[in-house]
Each structure stands twice: as C-alpha cells, then as structure tokens.
Amino acid sequence: MAAQTIVILGGGIGGQVAANALRRLLPAEHRVVVVERDATHAFAPSFLWLMTGDRRPGQIVRPVRSLLRRGVELVTAPVDRIDVSGGRVETGAGGLAYDRLVVALGAELAPDAIPGLDGAAQTFFSLDGAARLRDELRSFPGGRVAVVVSSLPYKCPGAPHEGAMLIADTLRRRGLTGKFDVHLFTPESQPLPVAGPALGGMVSDLLAQKGIHFHPGLALASVDGGNRRLEFKDGTREDYDLLVVIPPHRPPAAVRGSGLGNEAGWIPVDRATLRTLHERVYAIGDVTAIGLPGRWRPEVALPLPKAGVFAHAQALAVAKRIAHDITGTGEAEEFCAGGYCMLEAGEEMAGFAYGNFYGEPSPQVEFRKVGKSWHLGKVLFEKWWLTPVGLRRDLLRLALLAGGRASGVTMEL
Ligand SMILES: Cc1cc2nc3c(=O)[nH]c(=O)nc-3n(C[C@H](O)[C@H](O)[C@H](O)COP(=O)(O)OP(=O)(O)OC[C@H]3O[C@@H](n4cnc5c(N)ncnc54)[C@H](O)[C@@H]3O)c2cc1C
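Small disclaimer: the values here were computed from a predicted structure and weren't measured.

**Student:** Can you tell me about the overall build of the chain, naming the residues and giving the values?
**Tutor:** Along the backbone of the chain there are 10 helices and 24 strands. At 22 Å, the chain has a C-alpha radius of gyration in line with the 22 Å of a compact globule built from 413 residues. Structurally, the chain occupies a C-alpha span of about 70 × 55 × 45 Å along its principal axes. For the chain, buried positions account for 51% of its 413 residues. Of all intrachain contacts in the chain linking residues separated by at least 6 positions in sequence, the fraction that spans at least 24 positions is 65%. Positive and negative side-chain charges of the chain, numbering 46 and 43 respectively, have mean locations separated by a distance of 5 Å.

What follows is the structure, encoded as structure tokens:
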C-alpha cells in the first residue's frame, strides 16, 4: 500500500496512546500526525490531588511532545473543521489531508449551560479550577459544602464521589471535624448507576462511612450565587457555603459542525471497531457515545462511561486495526470494554471497581474494599503516564526488578 497519513485529532489520553501505538506498529514511510491545541498535557486524574494540596501543577503537567514517540508529528494548533467528505481537517496551522482519521477530542466543560452557575462555583474538573479550590479549602472556615453533578453525561463516574470524600478528608486534616458537612447531589439514581445496584450500594455505604450526605435524583436547574442557594428541577432548594460542581459537558466545537455527531453532538461508533459511519474515520474516548447492554433504554440511557481507561483501550484497539488494514500483519483487535477505576477515599486509601462493561445481559462490575494498595496503584500509574515516553520502559523495568527483589522472584527482562 502507498504511504498513508493517519491524522489523530486531540493529544490527550486517547490521542497519545493511539499515536504511540501506531508509530510502533507502522513502518516509517507512513505518517502519524497528532493535532493538539495545547503544548502541554495535564493528567486529569491527578487534579484531585492538586485540590488536596498533595501535588503541585508542575508535577502533573508535561509537554505533549515528551509524551509522544519519536517519529510522531505534532501540530500544536486548534482543529477548526473536520471535512469527512473531502478527507481533510482545517487547523490553525493550515489544512491537512488524511487517509485515516482518529477523532480523540474529548469533551468540553460548559458551565454557561446552567443559569447562574458560571462564576458562582468551584470545580476540580480543570487544572486551574483544582488549584483555586485547593486555596479555597485552605481558608474555608467551615460550613456546608455542596458537591454537585450538574448534568449528564460527565467524565469519570467515580470522580464526584472521590472529590466529596477527599474534600471531607482535607477539611478533617485541617482540624475542622464537626464544623463542616459535605453533601453530594446528582441527577443519577445511585452512585455509578452503569455498574448496577449492588456496586452502587457499596459506594453509598462508603460515602456514609466517610460522613458524606448523598442526595440522588436531583437535577440542577439554576444557582443563586448571591444567596448561595441551589435550585433543582423538581423545585427542591438547598443552601451552601461552598459550592463545588462537576460542570455540564458538551462535545467539542469542531465535532459539533462535522456531521459526525448524534443529536446531542457525541459521536456514535461501532462498539467493537470504534468506526464512525464514515469509512476510514474512527472516534475514541470521551467524544464517543456507546450504548451498553441492559442499560440503553430511552428511560435510563446510560452510555459507556467517559473514562481514561476506556479511551486508552479504545486507542490501542483502533491503532491495531488501522495497522492491520495497512500492513496486513498483526490482528484487527476489537474493543471489549474491560475497565477499572481506583476510587480515592482519603487517608491515602482507595477502593477498586472493575468489570466487563459489555457484559450480558448488563455490565458486570465488582468492587474491592478500600485499601492502601489501590491508592498506590493509582500513584504508580500516574508516575508511569507522566514519564517521558522514551523512559517508560526503564521505569517499568525498575518497578519489576524492585517488585521481584521484594517478592524473591527473579524476572527475565
Ligand atoms: C478530575 C478527574 C478525574 C479523573 N479520573 C479518572 C480516573 O481515575 N480514571 C479514568 O479512567 N479516567 C479519569 N478521568 C477521565 C479522563 O481524564 C478522561 O476520560 C480522558 O482524559 C478521556 O480521554 P480523551 O482522549 O477522550 O480526551 P482528553 O484526554 O480530554 O483529550 C482531548 C484532547 O483534545 C484536545 N482538543 C479539544 N478540542 C480541540 C481542538 N479544537 N483542537 C485541538 N485540540 C483539541 C484537548 O486539548 C485535549 O488534549 C478523570 C477526569 C477528571 C476531570
């Protein structure tokens, strides 16, 4: 096959993994090009530790270039338009023709979508927001903290629960026990509804143990920042002293105009191949909409959660499929939605949820009780992710050797 150009839109979790895997799998004559508007990448799972003061921004931000393999071309510019019929994308640095396209543009935060919300609330869903909230938590005198999932869908179904538990932990560490309470409001019927009632019950128990008041079934309608009051769609009103929101999410602007999206703008894909309705165009990660067995009825409409763990696995599956199409070697792998999540609970402990999200008749997800090792696993993954790509193998080698020494097992590397 003649030399091909594979363009990947977005250099976040899905985009980086797809680009690095393609570069590894494809001969050098084929181009792998990433278009990313930001020169730096911030690792979102660590925003929670930035909020608690356990990380500084410099520890969780890296140049995108350092996270991409040599031979991956990086265009640092915004994607303005995707022209699927012409096989081109328009970027701030000019036009780019592709043979295969992978859309990995994530989701945008849209605080303006709820009246009164913008400017009235704190958030740990962005780098700057998490740093501002850290400062607020350092001076908060006590009172009622409202953590609010403002609308669906949102990324990382565990994050609001982690955020509520870590805020409580941070305030306790400041000696404010008895002077504050944390309330978690969500339009969902239970924690992590996609994982089913049994797991939801376990997370509810965990929240209760940590002193978090959980309020399901409440969809935010507006915020009265002057009077520090929330109004929900069913007429319920709640007061707060500190408001922390998971802002509404919307598809990125470039996707909204592309014709790739569904009515809401998210990109529907074949759940195994991640192919869109357009030949040679794939989409992965938060920008996609994937229905789940047993959970995708109009009245529940629970899609595959937007999470880095899925963006990562989807990126690998798409890269292998594209490489197989081009070279005729390797396997055309399918994405099978195995996923996991370390749920930070405070005091350097975490729970662990894992399972098969394509399980029949509905996703099968289990929860392991809170312990130190899950927290350590999350820290190790963070270190690995933020290590320049050329040094990751060495880091893994060291970890395996150290693990081998500690356990008395010799490993061949
Ligand atoms: C607080 C928090 C905690 C989280 N914790 C976890 C966790 O523990 N586990 C987990 O699995 N997931 C977690 N997530 C979710 C995870 O970060 C996302 O699901 C993941 O980043 C999705 O990957 P993606 O590639 O689809 O999108 P992103 O990683 O968001 O990448 C999208 C990229 O596209 C770029 N982009 C957007 N528009 C344009 C444009 N027009 N032009 C050029 N570039 C553009 C963006 O700059 C970005 O770099 C967490 C998220 C948050 C906010």
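**Student:** Describe in detail the site of the ligand, supporting the description with residues and values.
**Tutor:** Neighbouring the ligand are 27 residues; Gly14, Glu36, Val79, Asp286 and Val309 lie closest to it. Val79 is positioned with one of its backbone polar atoms (N or O) 2.8 Å from a nitrogen atom of the ligand. Across the complex, the protein chains shield 90% of the 990 Å² of accessible surface that the ligand would expose by itself. Mapped by element, the contributors of at least two residues to the shell around the ligand are helix H1 (13-25) and helix H8 (308-327).

**Student:** Which residues make up the sheet that holds strand S7 (residues 88-91), and what values go with them?
**Tutor:** A sheet is described by the order of its strands in space; here three strands give the open sequence S6-S7-S8, paired in antiparallel fashion. Only two strands of the sheet have a single neighbouring strand rather than two, namely strand S6 (79-83) and strand S8 (94-97). The sheet shows a mean angle of 20 degrees between the axes of neighbouring strands, taken without regard to direction. One ladder, built from four bridges, connects S7 with S8; its direction is antiparallel. Paired with Glu90 across the two strands is Gly95, which belongs to S8.

**Student:** Please provide a residue-by-residue account of empty space enclosed by the protein, values included.
**Tutor:** Tallying each qualifying case throughout the model produces one cavity of 30 Å³ or more. Within this model, the largest cavity holds a volume of roughly 60 Å³. Gly285, Asp286, Thr288, Ala289, Ile290, Leu304, Pro305, Lys306, Ala307, Phe310, Ala311 and Gln314 together form the lining of the largest cavity. Every element with two or more residues in the lining of the largest cavity is listed here: strand S21 (288-289) and H8. Of the residues forming the lining of the largest cavity, the biggest block, three residues, is contributed by H8. Of the residues belonging to the lining of the largest cavity, the class tally is seven nonpolar, three polar and two charged.

**Student:** Pulling in residues and values, what's your account of the nonpolar core?
**Tutor:** Burial of nonpolar side chains together is a common tendency in soluble globular proteins. Ranked by internal contacts, the top residues of the largest apolar core, which has 104 residues, are Val103 and Phe124. Take this core: its biggest share by element is 10 residues, from H8. Beyond its immediate chain neighbours, meaning those up to four positions away, Val103 contacts Leu9, Val255, Leu260, Ile267, Val281, Tyr282, Ala283, Ile284 and Val287. Of all hydrophobic cores here, the second largest spans 13 residues; its members include Ile114, Leu218, Leu220 and Val223.

**Student:** Let's hear about unusual backbone geometry: which residues, and what values?
**Tutor:** A cis amide bond links Leu152 with the next residue in sequence, Pro153, at an omega value of -5 degrees. Of note, the amide linkage connecting Glu360 to Pro361 takes the cis form, showing an omega dihedral of 0 degrees. Looking at where Pro361 falls in the secondary structure, it is placed in the loop between strand S23 (349-356) and strand S24 (364-371). Backbone geometry at Arg228 places phi at a positive 50 degrees, although glycine is not the residue there. Position of Arg228 relative to the elements: it lies in the loop between strand S14 (220-224) and strand S15 (229-232). A relative accessible area of 43% means that Arg228 is categorised as partly exposed.

So, how was this worked out
Each chain carries its own residue numbering, running from 1 in the written order of its sequence. Where totals are concerned, whole chains, interfaces and linings use all residues; where local detail is concerned, this predicted model gives features only for residues with pLDDT of at least 70, and gives and counts side-chain atom pairs only at 80 or more. Working from all heavy atoms in the structure, the side-chain values ignore hydrogens and water. By the criteria applied, helices consist of DSSP H or I runs no shorter than four residues and strands consist of E runs no shorter than two, each listed in order from the N terminus. For this measure, only C-alpha atoms enter the radius of gyration; the expected value for a globule follows 2.2 Å times N^0.38, where N is the number of residues. A 1.4 Å probe rolled over the protein chains alone gives each residue an accessible area, and that area as a share of the maximum for its type sets the label: buried under 20%, exposed over 50%, partly exposed in between. Any two residues whose heavy atoms approach within 4.5 Å at even a single point are treated as in contact. Think of it this way: Lys and Arg go in the positive column, Asp and Glu in the negative one, and His and the chain ends go nowhere. For the purpose of locating charges, the reference atoms are NZ of Lys, CZ of Arg, CG of Asp and CD of Glu. Definition of nearness: a residue and a molecule or strand are near each other if at least one heavy atom of the residue lies within 4 Å of the molecule or strand. Residues adjacent in sequence count toward polar contacts only when both atoms are side-chain atoms; beyond that, a polar contact is any pair of N or O atoms within 3.5 Å, and within protein one must be able to donate a hydrogen and the other to accept it. Reported accessibility uses the Shrake-Rupley method at a 1.4 Å probe radius. Residues are deemed covered only where the shown protein chains occlude them. For two strands to be treated as a pair, DSSP must find at least two bridges joining them. Comment: axis = line fitted to C-alpha atoms, over the contacting stretch for helices; angle = value between 0 and 180 degrees taken between N-to-C directions. Lining residues are defined by having an atom within 4 Å of a point belonging to a cavity or pocket. Those points lie on a 1 Å grid over the protein atoms alone, cavities being sets where a 1.4 Å probe fits but cannot get out and pockets being open sets with protein on both sides within 12 Å along at least five of seven lines. Grid points are joined across faces, edges and corners, and a volume is the space filled by probe spheres set on the points. Residues are grouped as follows: Ala, Val, Leu, Ile, Met, Phe, Trp, Tyr, Cys and Pro are nonpolar; Asp, Glu, Lys and Arg are charged; every other residue, Gly included, is polar. Residues enter a nonpolar core if they are buried and are Ala, Val, Leu, Ile, Met, Phe, Trp, Tyr or Cys, with the set joined through side-chain atoms within 4.5 Å.

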